[in-house]
Amino acid sequence: MRPVTNEELRLIQEIDCLWAPVYPYLARHISEVHGQKTERVLEVGPFCGAIHSLMEQKVGNGFFVGAFPQGMGRFLQEEGRQKGSCDGINIVETDPSLTAIKEQSIDLLIFRGALFFPSLFRVDYSGVWRVLNEGGTAMIGGGFGKYTPPDVIRAIGDRSKDLNLRIGKVDITTEEVRRDFAAANLDVHADIISEGGLWVIMKR
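All figures in this text were calculated on a predicted structure; none of them were measured in a lab. (Residues numbered from 1 in each chain as written. Predicted model: local features only at pLDDT ≥ 70, side-chain atom pairs only at ≥ 80, totals over all residues. Heavy atoms only, no water.)

(A) Representation of the pairing of strand β5 (residues 132-142) in the model. With respect to burial, β5 is a largely interior element, eight of its 11 residues being buried. Summarising the sheet, strand β4 (residues 106-112) and β5 pair through six bridges and their orientation is parallel. The residue bridging leucine 109 from the neighbouring strand is alanine 138, located in β5. You can see the chain leave β4, run along helix α5 (residues 125-131) and come back into β5, and the turn it takes is right-handed. Looking at chain direction, β5 and strand β7 (residues 198-203) are connected through six bridges and run antiparallel. (Buried < 20%, exposed > 50% of the residue type's maximum accessible area, 1.4 Å probe, protein only. Helix = DSSP H or I, 4+ residues; strand = E, 2+ residues; numbered from the N terminus. Pairing = 2+ DSSP bridges. Right-handed = clockwise from strand over helix to strand, strands pointing away.)

(B) Local environment of unusual backbone geometry. Along the chain, phenylalanine 68 connects to proline 69 via a cis peptide bond; the corresponding omega equals 0°. Relative to the assigned elements, proline 69 resides in the loop between β2 (62-67) and α4 (72-83). A positive phi is found at leucine 98, a non-glycine position, where the angle reads about 55°. As for its placement among the helices and strands, leucine 98 is situated in the loop between β3 (89-93) and β4. Given the relative accessible area of 0%, leucine 98 is considered buried. Look at glutamine 104: it is not a glycine, yet its phi comes out positive at around 45°. On the secondary structure map, glutamine 104 appears in the loop between β3 and β4.

(C) Quick peek at the pattern of salt bridges. Tallying each qualifying case throughout the model produces 11 salt bridges. One salt bridge in this structure joins glutamate 32 and lysine 146, with 2.5 Å as the shortest N-O distance. Taken as a pair, glutamate 32 in helix α2 (residues 23-34) and lysine 146 in the loop between β5 and α6 (150-166) lie far apart in primary sequence, 114 residues in all. The exposure class of glutamate 32 is partly exposed, given its relative accessible area of 40%. Exposure remark for lysine 146: the relative accessible area of 33% places this residue in the partly exposed category. (Salt bridge = Lys/Arg side-chain N within 4 Å of Asp/Glu carboxyl O.)

In C-alpha cells:
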C-alpha cells in the first residue's frame, strides 16, 4: 500500500462524511447478510462509517475500526468526538493485511470500498480470513446496500461519483472479483453478491 497524498486523504474524508445518511440503511443490509447474533464487529479501511450505525442498531457487543491509510485513524477519532459517537468504538491504525488485529478475534468484518481502488490498496483475503472467528462473516466490497432509499442515493450520488473518481475508483466485474479471490489461493468458499452493490461474502 503506497502512502496517500494529503489531497487524497481529504477527499476520502469528504466521502466518509457525505455517506452519513446511507450508513443506517447499509448497516441493516450488513446485519441481514451476517444473519446471526454477533459479538465483535470490525470495520476496516479508509471508508469507515457504518460501524456507528451497527453499534446504534445493537448488532454486536464490541466495536472496532481498523483504519488505513495512515492518518485515517486520527480523522475517524476526531469525527467521532465531534459527533459524540466514538464512545464504545476502539480505533486502531492498521494496513490491508490487518496486522494490528488479533487472529480469529472478529465475528463480523466489513471492508467497504475494498474492490475499487487498486491504486491505493489491494484486498488481502488471507488477512481477512486470518482475523475472522469461527462462525464469522466478512462482507468485502462496496455499494449503497439494498435498503438505502432512492432519494438518499440521488442526494449524494453525483458528488460521491466525482470524489471516488478523483481518488482512482475503477469499475470491476464479478468475474474479475472471482479471479482476484482465486488468486489468493485460499481453500475457502466465497459468495459474490450484486444486490445493493458488489460484495464478496466469506463465512468461516
